[in-house]
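# A closer look at the structure
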Amino acid sequence: MIINKNNIFVLETKNAHYVLGVDKYGYNHHLHWGKKCNADDYYIQKIKDQNSNHSVLDEFKQEYTPFGQTMYRGCAIKAEFADGCRDICLNYNGYEIEENTLKLKFSDNVYPLKIVLNYSVCDENDIITRWTTVKNNSENSIYFEKLFSAEFNLPSKKPYTFKNTNGAWGGENIETNTTLESGTFVSESRKGTTGHNQSPYFIAYQNADEKIGDVYFATLAYSGNFKVKAERDLFNSTRIIIGISDFDFKFELKAGEKFDTPKVFCGFTQGFGDMSRQMNKFAIDYVLPKTFNNKPLPILYNSWEATEFDVNCKNQSALAEIAAQIGVELFVMDDGWFGKRNNDRAGLGDWFVNKEKFPNGLDELISKVNELGMDFGIWVEPEMVNRDSDLYRTHPDWAYHFDTRYSCELRNQLVLNMTRKEVQEYIFDCLNNLLSNHNIKYIKWDMNRPFSEVGAENLDCQQMLWYLHTKAVYDIVDKLKELHPDVAFESCASGGGRADYGALMHYDQVWTSDNTDGIDRMVIQKGYSLLRPIKTMRAWVTDIAGINKHCSLDFRFNIAMQGSLGIGGDLTKYSDEDIEICKKNVALYKEIRNLVQFGNLYRLMDIDEDEVLFNQYVNEDKTESVAFIAANGTRFYKKSIPMRFDGLDENKRYTLTLNDKTYNKSGAYLMNIGIDLEIRGADYNRIILIKEA
Ligand code: DGJ
């Protein structure tokens, strides 16, 4: 709901208020973000005094700060007009409220630049979507040096701690918590994609844990270079700007053009648990592409770790037969099926079936997989080219390059200039043919290196390539989805390098990490679950039976079943006993997957803090739940632990069986007293089903 009283706008969601206003001079003010107050009480405070070094304009909280006047804080927008002026002065042009969206309109008081601040309110999920629109009504181009999506102000003058990640390939989503006392805290990508290192969001908190404490969060829906910059200034105010990074950034808005920045989804909760649950629901209902958002994702098998580049009809069929016996629903052939792709030095760009590996074409394998009762999926890496490929030999200029520089390879490959129309058409045609000519139901879209030598001579304003590349990827995926609505897409970038809300607006799921070690995954998946929807988190059981510590097949299933389950081991080497373990777990996953993929997640114990991982998923009406417990060796006297559940109805009675003992207890008992569990030894794992009695 949006309440407006004399240019004070109260954006009201189920549990929070976000309040802003515009004063008589046209300055936009941030007034409140947090718990609900009486809507009549909000008012705009007079801007305070200044002295020669402290500008009044620099002190008050703004919703969106332009570069200019005496404002020295990090600004959200900076433009250069045709005459060289680089200062923006805004006039207020009124507002519009369309259903649940508020549009606050401004324009420069000299130049024909319009700026609209957009706020879309989703009451039931407690989420507000923000973005900024710029429109150039002049006859000349306007060049932006900064064009962030949104600015946020936090209420307390005390320092906030920012949760983000400091990850890497194989170690995505490793949480960091940085308290910002002074200066700035930045998380950013300058690699062309989101990357593994930091995440395009902020989670700012004081004295918070899973259940309590004020938590402010915002996540950017964009898969390219991003920046989240928090600043605590001389007045002890903390503010944050979030959006496309201003690194190597120049954005040309031609005469008459309009541009919407990427969206930002933000919210305020008590504790990190509610934050994750709110975003999980919001993402399923409003962000994920519509075809599969409400459908449970199938259990997939992926052949990468079993056969790597050495794929052929025979070995894939052999894997498919066992996968089908186990109960897998989607068989995915990974890298190696096209061009001269016998290793990572050749073939990228030649999206045509390798006739030596598949002399009868792909359909022989696809029919086999379909006859076994499974859908077929395939791997591609469309944005890339190897120097050793027909595509590169024919079009060496299709990769980003500077004529005078040697183009560096990473994983022996170059990045295609996705801003060129011919490149977009080539990729689209290849993928469209693939999907039109074969019964393919799933595409794993990979992206295995950051950009370099970022020259794109086809563009007047070359720095726009960073943005246009990401847009081209989204456009191709969207077009393919429109033509092939029954095909699901997975976003992969060397594991979880493109796992952001921009990707989630176009892809149905994400490859979380190439690290499939059950023990490492406990940490990686927790980081993923903070702000991203659980059903999009692909998790495979593979043959990595513990990089540092052993973990059994059951243990690996326990962990992988906490996302969208996949299997990725070499099944031809599995013993009969292993196959039985797979069958048992796959059958169990089919029973519980709705709870995991659509339920509310409660993170009850943390492997790092508690030596035990205890996660519970509860359905919306609190009649069913599943809990996962895993530990890789508890020390000292921590072995007997009361497992106190959460998210249940205090007044309902539930049954559960644990270590062959059945309990019938009230929700109140299970949540306040819990069940004592002896957790001993490494490789400990249990899955507990809880049902209303
Ligand atoms: C990187 C991905 O993360 C892997 O899962 C696999 O698809 C390889 N690329 C294939 O080259």
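The structure reproduced in this document is the subject of the present report. (Residues numbered from 1 in each chain as written. Predicted model: local features only at pLDDT ≥ 70, side-chain atom pairs only at ≥ 80, totals over all residues. Heavy atoms only, no water.)

### Examining the overall build of the protein
Regarding its fold elements, the protein presents 15 helices and 38 strands. Compactness check: the protein gives a C-alpha radius of gyration of 26 Å against a globular reference of 26 Å for 693 residues, within 12% of the reference. Expressed along its principal axes, the backbone C-alpha trace of the protein runs to roughly 80 × 70 × 45 Å. Out of the 693 residues belonging to the protein, those deemed buried represent 62%. Across the protein, the fraction of contacts at a sequence separation of at least 24, relative to all contacts at a separation of at least 6, is 68%. Roughly 26,700 Å² of accessible area belongs to the protein as shown, and the carbon and sulfur atoms make up 47% of that amount. (Helix = DSSP H or I, 4+ residues; strand = E, 2+ residues; numbered from the N terminus. Rg over C-alpha atoms; globule rule 2.2 N^0.38 Å. Buried < 20%, exposed > 50% of the residue type's maximum accessible area, 1.4 Å probe, protein only. Contact = heavy atoms within 4.5 Å. Areas by Shrake-Rupley, 256 points an atom, 1.4 Å probe, with all protein chains shown as cover.)

### A short note on the sheet that holds strand E31 (residues 600-605)
Strands sit in the order E31-E32-E33-E38-E35-E36 across an open sheet of six strands; the sheet is antiparallel. Strands with a single pairing partner mark the edges of an open sheet, and in this sheet they are E31 and strand E36 (661-666). Averaged over all pairs of adjacent strands, the angle between their axes in this sheet comes to 20°, without regard to strand direction. Inspection of the sheet shows strand E35 (residues 653-658) paired to E36 by six bridges, in the antiparallel sense. Within the sheet, the bridge partner assigned to tyrosine 654 lies in E36 and is lysine 665. Sheet strands touched by helix H11 (residues 518-531): E31, strand E32 (613-618) and strand E33 (624-631). Its angle to E31, the strand with the most contacts, is close to 135°. (Pairing = 2+ DSSP bridges. Axes fitted to C-alpha atoms, helices over the stretch in contact; angles between N-to-C directions.)

### A word on empty space enclosed by the protein
A complete count under the given rule lists eight cavities of 30 Å³ or more for this structure. Contributing to the lining of the largest cavity are 15 residues, with Asn173, Gly195, Gly496, Ala499 and Arg532 lying nearest its centre. Taken together, the residues of the lining of the largest cavity break down into four nonpolar, nine polar and two charged. Approximately 90 Å³ is the volume attributed to the second largest cavity. Taken together, 14 residues make up the lining of the second largest cavity; nearest its centre are Gln525, Lys526, Gln562, Asn615 and Tyr617. Counting only elements with at least two residues in the lining of the second largest cavity, the list comes to H11, E31 and E32. When residues in the lining of the second largest cavity are grouped by element, the largest group, five residues, is from H11. (1 Å grid on protein atoms, 1.4 Å probe; cavity = no way out; pocket = protein on both sides within 12 Å on 5 of 7 lines; lining within 4 Å. Points joined across faces, edges and corners; volume = space filled by probe spheres on them. Nonpolar A, V, L, I, M, F, W, Y, C, P; charged D, E, K, R; others polar.)

### Re the pairing of strand E14 (residues 201-205)
E14 sits mainly inside the fold: five of its five residues count as buried. Here E14 shows no split at all, with Tyr201, Ile203 and Tyr205 on one side and Phe202 and Ala204 on the other all buried. Examined bridge by bridge, strand E11 (residues 160-165) and E14 share three bridges and lie antiparallel to one another. Looking at the pairing, lysine 163 lines up with isoleucine 203 of E14. Looking at chain direction, E14 and strand E15 (residues 214-220) are connected through five bridges and run antiparallel. Paired with isoleucine 203 across the bridge in E15 is phenylalanine 217.

### Side note on a negative patch on the surface
Taken together, the side chains of Glu591, Asp621, Glu624 and Glu692 make up a negatively charged region of the molecular surface. Mapped onto the fold, glutamate 692 is located in strand E38 (residues 684-692). Look at glutamate 692 and you get partly exposed, because its relative accessible area is 38%. (Patch = residues over 30% accessible without salt bridge, like charges linked within 9 Å, V, L, I, M, F, W, Y side chains within 5 Å. Salt bridge = Lys/Arg side-chain N within 4 Å of Asp/Glu carboxyl O. Lys, Arg positive; Asp, Glu negative; His and termini not counted. Charge placed at Lys NZ, Arg CZ, Asp CG, Glu CD.)

### A closer look at the sheet that holds strand E4 (residues 28-34)
Read across the open sheet, the four strands follow the order E1-E2-E3-E4; overall the sheet is antiparallel. With one partner strand each, in any of the chains shown, strand E1 (2-5) and E4 form the two edges of the open sheet. Within the sheet, the average angular offset between the axes of one strand and its neighbour, ignoring direction, is 15°.

### Some words on the layout of surface pockets
The space that makes up the largest pocket amounts to roughly 800 Å³. For the largest pocket, the lining is made up of 34 residues, of which Glu210, Arg603, Leu604, Met605 and Asp610 are closest to its centre. Counting only elements with at least two residues in the lining of the largest pocket, the list comes to strand E12 (175-180), helix H2 (272-287), H11, E31, helix H14 (607-610), E32 and strand E34 (640-643). Considering each element in turn, the lining of the largest pocket owes the most residues, five residues, to H11.

### A few points about the packing of aromatic side chains
Inspection of every chain in the model, using the stated rule, returns 36 aromatic pairs. Ring centres of tryptophan 33 and tyrosine 216 lie 4.9 Å apart, and the angle between their planes is 65°; on these two criteria the pair is classed as edge-to-face. You can see tryptophan 33 sitting in strand E4 and its partner tyrosine 216 sitting in strand E15, a full 183 residues away along the chain. Relative accessible area serves as the criterion here: at 3%, tryptophan 33 is assigned to the buried category. Look at tyrosine 216 and you get buried, because its relative accessible area is 2%. By way of ring pairs, the aromatic residues Tyr18, Trp33, Tyr119, Phe152, Tyr160, Phe202, Tyr216 and Phe268 are connected into one cluster. In this arrangement the basic side chain of arginine 73 is found over the ring face of phenylalanine 60, its NZ or CZ atom lying 5.7 Å from the centre. The ring centre of tyrosine 669 lies 4.5 Å from the NZ or CZ of lysine 665, which sits over that ring. (Phe/Tyr/Trp six-rings, centres within 6.5 Å; stacked < 30°, edge-to-face > 60°. Lys NZ or Arg CZ within 6 Å of the ring centre and 35° of its normal.)

### Examining the site of the ligand
Every one of the 13 residues lining the ligand counts as a neighbour, but Asp334, Asp335, Lys444, Asp446 and Asp514 are closest to it. At a separation of 2.9 Å, an oxygen atom of the ligand approaches a polar backbone atom of glycine 495. Contact distances for the ligand include 3.3 Å between an oxygen atom and a side-chain N or O atom of tryptophan 511. Burial of the ligand by the surrounding chains reaches 97%, relative to a free accessible area of 290 Å². Grouping the amino acids of the shell around the ligand by side-chain chemistry returns four nonpolar, three polar and six charged. (Near = heavy atom within 4 Å. Polar contact = N/O pair within 3.5 Å; in protein donor to acceptor, adjacent residues only side chain to side chain.)

### With respect to helix H5 (residues 313-326)
Taking 1.5 Å as the rise per residue, H5 with 14 residues should run 20 Å; its terminal C-alpha atoms sit 20 Å apart, in good agreement. Packed against the buried residues of H5 are strand E21 (300-302), helix H4 (304-307), strand E22 (330-333), helix H6 (363-371), strand E30 (564-567) and helix H13 (576-598). Its side-chain oxygen placed 3.0 Å from the backbone nitrogen of lysine 314, asparagine 312 serves as the N-cap of H5. Where H5 terminates, the next one or two residues include glycine 327, which has phi positive at roughly 115°. (Expected span 1.5 Å × (residues − 1).)

### So, the pattern of salt bridges
Under the counting rule described, the total for this entry stands at 38 salt bridges. With a closest N to O distance of 2.8 Å, arginine 593 and glutamate 329 form a salt bridge. Of this pair, arginine 593 sits in helix H13 while glutamate 329 sits in the loop between H5 and E22, and the two are 264 residues apart along the sequence. A relative accessible area of 22% places glutamate 329 in the partly exposed class. A salt bridge links lysine 444 to aspartate 334, with the shortest nitrogen-to-oxygen separation between them at 2.8 Å. With lysine 444 in strand E26 (residues 442-445) and aspartate 334 in the loop between E22 and H6, the pair connects residues that are 110 residues apart, well separated along the chain. Of the two residues, lysine 444 and aspartate 334, both sit in the buried class. Taken together, the salt bridges that share partners define one network made up of Lys163, Glu175, Lys526 and Asp606.

### Some remarks on the packing of helix H12 (residues 553-560) against H13
Taken N-terminus to C-terminus, the directions of H12 and H13 make an angle of 25°; their axes are 10 Å apart at the nearest point. When the interaxial angle is binned, H12 and H13 end up roughly parallel. At the point where H12 passes H13, the crossing takes the right-handed sense. Two secondary-structure elements touch here, H12 through Leu553, Asp554 and Phe557 and H13 through Asp578, Ile581, Cys582, Lys584, Asn585 and Val586. Here the contact of H12 with H13 is built from residues that sort into five nonpolar, one polar and three charged. (Parallel < 35°, antiparallel > 145°, perpendicular 65-115°, else oblique. Left-handed = near helix turned anticlockwise from the far one by under 90°.)

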